[in-house]
Amino acid sequence: SYNNIGVLLSKMGRLEEAMSHYQAALSLDKDYTDAKNNVEAARVQLQSLQKEASVNRLEDEESLIQLMLPAQASEEMVSIALRKLISDAEARRRRTLPGVLDEDLKRQLTNSLPSVIVTTDPHALFSFGLILLELGAYRPAIRAFTRVSALR
């Protein structure tokens with residue numbers, strides 16, 4: 001009965017509730033194959049929905065740094081925008097499944113590099129470089145670190 005309710009909830013798009021019903025079915029019979037399969041299917045669906053939501057959110061933020069800066073931004077504005085960009089990138093990485101945002105985030109941050117590289121804030125630029133390095137964007141990270149070295 002729990003498994004059947006879970007199936008109905010899943011069809012209604014209420015995946016979290018469906019998962020709890022599948023788990024209830026498994027608590028009564030740990031070998032219940034249908035419930036095991038349904039738990040896995042719901043888990044995959046939830047991950048897919050989370051990934052889709054993350055990608056859509058990034059597509060809505062087409063050029064993160066350009067949205068924050070006017071065409072002729074002052075050094076202080078670039079530094080503030082860079083720190084916000086770093087903070088937002090770190091927050092997104094913590095909220096999502098490992099690997100989900102890596103490629104999209106790497107693309108967004110790499111595209112922001114020409115606007116960011118002009119900053120004279122070595123700490124913010126170093127943090128930016130670390131995020132790029134962690135994402136595997138090695139060439140842009142080298143450019144950021146090279147700029148930090150030139151500032152010191």
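Residues numbered from 1 in each chain as written. Predicted model: local features only at pLDDT ≥ 70, side-chain atom pairs only at ≥ 80, totals over all residues. Heavy atoms only, no water.

(A) Just the packing of helix α7 (residues 122–135) against helix α8 (residues 138–151), in detail. Taken N-terminus to C-terminus, the directions of α7 and α8 make an angle of 160°; their axes are 8 Å apart at the nearest point. Of the possible angle classes, the one that applies to α7 and α8 is roughly antiparallel. Judged by the sense of rotation from one axis to the other, the crossing of α7 with α8 is left-handed. Residue-level contacts link P122, L125, F126, F128, G129, L130, L132 and L133 of α7 to Y138, P140, A141, A144, F145, R147, V148 and L151 of α8. Across the contact of α7 with α8, the residue classes break down as 14 nonpolar, one polar and one charged. (Axes fitted to C-alpha atoms, helices over the stretch in contact; angles between N-to-C directions. Helix = DSSP H or I, 4+ residues; strand = E, 2+ residues; numbered from the N terminus. Parallel < 35°, antiparallel > 145°, perpendicular 65-115°, else oblique. Left-handed = near helix turned anticlockwise from the far one by under 90°. Contact = heavy atoms within 4.5 Å. Nonpolar A, V, L, I, M, F, W, Y, C, P; charged D, E, K, R; others polar.)

(B) Highlighting the packing of aromatic side chains. Evaluated as defined, the whole model comprises one aromatic pair. Ring geometry for F126 against F145: centres 5.3 Å apart, planes inclined by 50°, an arrangement best described as tilted. Here F126, found in helix α7, pairs with F145, found in helix α8; they are 19 residues apart in sequence, far enough to count as distant. Judged by its relative accessible area of 36%, F126 falls in the partly exposed class. (Phe/Tyr/Trp six-rings, centres within 6.5 Å; stacked < 30°, edge-to-face > 60°. Buried < 20%, exposed > 50% of the residue type's maximum accessible area, 1.4 Å probe, protein only.)

(C) Structural view of the pattern of salt bridges. Using the criterion set out here, one finds two salt bridges in the structure. In this structure, R14 and E17 form a salt bridge, with 2.7 Å as the shortest nitrogen-oxygen distance. Exposure remark for E17: the relative accessible area of 37% places this residue in the partly exposed category. Among the ionic pairs, E40 bridges to R43, the shortest N-O distance being 2.3 Å. A residue pair is termed a helical-turn pair when its members lie 3 or 4 positions apart in one helix, as E40 and R43 do in helix α3 (residues 33–60) at three residues. (Salt bridge = Lys/Arg side-chain N within 4 Å of Asp/Glu carboxyl O.)

(D) The arrangement of helix α2 (residues 15–28) in detail. When the terminal C-alpha atoms of α2 are compared, their 20 Å separation across 14 residues agrees well with the 20 Å that a helix rising 1.5 Å per residue should span. Among the residues of α2, those classed as buried are L15, A18, M19, Y22, A24, A25 and L26. (Expected span 1.5 Å × (residues − 1).)

(E) Representation of the packing of helix α1 (residues 2–11) against α2 within the structure. Packing of α1 against α2 brings their axes to within 8 Å, and their N-to-C directions diverge by 165°. Taken together, α1 and α2 sit at an angle that is classed as roughly antiparallel. Pair α1 / α2 crosses with left-handed handedness. Residues Y2, N3, I5, G6, V7, L9 and S10 of α1 touch α2, and the partners they reach there are L15, E17, A18, H21, Y22, A24, A25 and L28. Residue classes in the contact of α1 with α2 are distributed as ten nonpolar, four polar and one charged.

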